[in-house]
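Listed below, chain by chain, are the residues.
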Amino acid sequence: MMHLPITSTGGARRAFRILAGAAALLLTGSCASEENIAAYPCPVVSPVRELAYMTKFQSDSQDLSDTLFEAKIDQVLPARNCVYEETSDGKRAIVYDIQVKFLAQRGPKDREGTAKFNYFMAVTGAGGRPLTREVFDTQVSFENNATQGIVIEELQPRIPLKQGENGDYYRIYVGFMLSEKELAYNRKNPR
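Quantities reported herein were computed from a predicted structural model and do not represent experimental measurements.

### Digging into helix α1 (residues 180-188)
Helical geometry: 3.6 residues make up each α-helical turn, so side chains three or four residues apart lie on a common side.
Piece 1. Among all positions in α1, only E182, L183, Y185 and N186 are buried. Looking down the long axis of α1, one finds its buried residues gathered within 155° of arc, a one-sided arrangement. Exposed residues pointing more than 90 degrees away from the buried face of α1 are listed as E180, R187 and K188.
Piece 2. Along its buried surface, α1 packs onto β4 (53-57).

Spelled out as structure tokens, the structure:
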């Protein structure tokens, strides 16, 4: 999987491979190209409702006057590119480009001008069985003393397919990595 953050100001990009890639590719097709590949569906991508927002406090207090920042997953944009690959030995996989848009709002206790947080992407298989979960870190900068900021993260999961499987067998979820206290706060203050 590849991970590329894009800030609203076009900041630095970074990429790294999480899952091992296949051998040389002999056949690559996208969801809208050769050999009826358009008939192959792409996995559904969605945020986890209780993990789609976070409020970061300066201390153990949960008083809003002690807020460093609030952040939320504003949009998950799937299917920019969904490719079914097949290697020379017949192994198949889906490579999927996903964008996750995070919005953050500066709190009254913020002094750094940056909202730093971790988030995850998880892939489940048939019956909701967990397959992989990767954790990423990112940040939203409040440039020029702005009160809000945006970052768009690009993810590229690679999902190996078993014989007869397609994208309908899989789901991709994203959410913030929250502490137990942050999750309890979200449950008490649903959005």
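Additional details are given in the paragraphs that follow.
### Remarks on the sheet that holds strand β11 (residues 171-176)
Piece 1. Sheet architecture is open: 4 strands sit in the order β3-β11-β7-β8, paired in mixed fashion. The sheet terminates laterally at β3 (44-47) and β8 (130-141), the two strands that pair on one side only. Between one strand and the next, the sheet's axes are offset by a mean angle of 20°, whatever the strand orientation.
Piece 2. Where strand β7 (residues 114-124) meets β11, 6 bridges bridge the pair, whose relative direction is antiparallel. Bridge assignment links T124 to a residue of β11, and that residue is R171.

### Observations concerning the state of the cysteines
Piece 1. If you walk through the whole model with that rule in mind, you get 1 disulfide.
Piece 2. Disulfide pairing places C42 opposite C82 at an S-S distance of 2.2 Å. Linking C42 and C82, the disulfide has an S-S dihedral of approximately -120° and is accordingly described as left-handed. A residue pair is termed long-range when its members are at least 10 positions apart, and C42 in the loop between β2 (25-30) and β3 and C82 in strand β5 (residues 67-87) qualify at 40 residues.

### Some words on the packing of aromatic side chains
To describe a pair of aromatic rings, one takes the distance between the centres and the angle between the planes.
Piece 1. The final tally for this structure, using the stated rule, is 8 aromatic pairs.
Piece 2. Their ring planes at 70° and their centres at 5.1 Å tell us that F117 and F176 sit as a pair that is edge-to-face. With F117 in strand β7 and F176 in strand β11, the pair connects residues that are 59 residues apart, well separated along the chain. Taken as a pair, F117 and F176 share a single burial class, namely buried.
Piece 3. Sitting over the face of the ring of Y40, R92 holds its NZ or CZ atom 5.3 Å from the ring centroid.
Piece 4. R133 extends its terminal NZ or CZ atom over the ring of F120, reaching a point 5.8 Å from the ring centre.

### Remarks on the nonpolar core
Piece 1. Counting residues in each nonpolar core, the largest one holds 36 residues, and the members touching the most others are I73, I98, F102, F117, I172 and F176.
Piece 2. Secondary structure elements with two or more residues in this core: β5, β6 (92-106), β7, β8, β9 (148-156), β10 (158-161) and β11.

### Some points on the pattern of salt bridges
Piece 1. This model, assessed by the stated rule, comprises 8 salt bridges.
Piece 2. Of the charged contacts, one joins D74 and K101 as a salt bridge, the two residues approaching to 3.5 Å between their closest N and O atoms. Pair noted here: D74 is in strand β5 and K101 is in strand β6, with a separation of 27 residues, a long-range link.
Piece 3. When the shortest N-O distance is used, the salt bridge between D110 and R106 registers 2.6 Å.
Piece 4. We classify D110 as buried; its relative accessible area is 8%.
Piece 5. Three or more residues joined by partner-sharing salt bridges are found here, namely K72, D74 and K101.

What counts and how
Residues numbered from 1 in each chain as written. Predicted model: local features only at pLDDT ≥ 70, side-chain atom pairs only at ≥ 80, totals over all residues. Heavy atoms only, no water. Buried < 20%, exposed > 50% of the residue type's maximum accessible area, 1.4 Å probe, protein only. Helix = DSSP H or I, 4+ residues; strand = E, 2+ residues; numbered from the N terminus. Arc of directions from axis to C-beta. Contact = heavy atoms within 4.5 Å. Pairing = 2+ DSSP bridges. Axes fitted to C-alpha atoms, helices over the stretch in contact; angles between N-to-C directions. Disulfide = S-S within 2.5 Å. Phe/Tyr/Trp six-rings, centres within 6.5 Å; stacked < 30°, edge-to-face > 60°. Lys NZ or Arg CZ within 6 Å of the ring centre and 35° of its normal. Core = buried A, V, L, I, M, F, W, Y, C linked by side-chain atoms within 4.5 Å. Salt bridge = Lys/Arg side-chain N within 4 Å of Asp/Glu carboxyl O.

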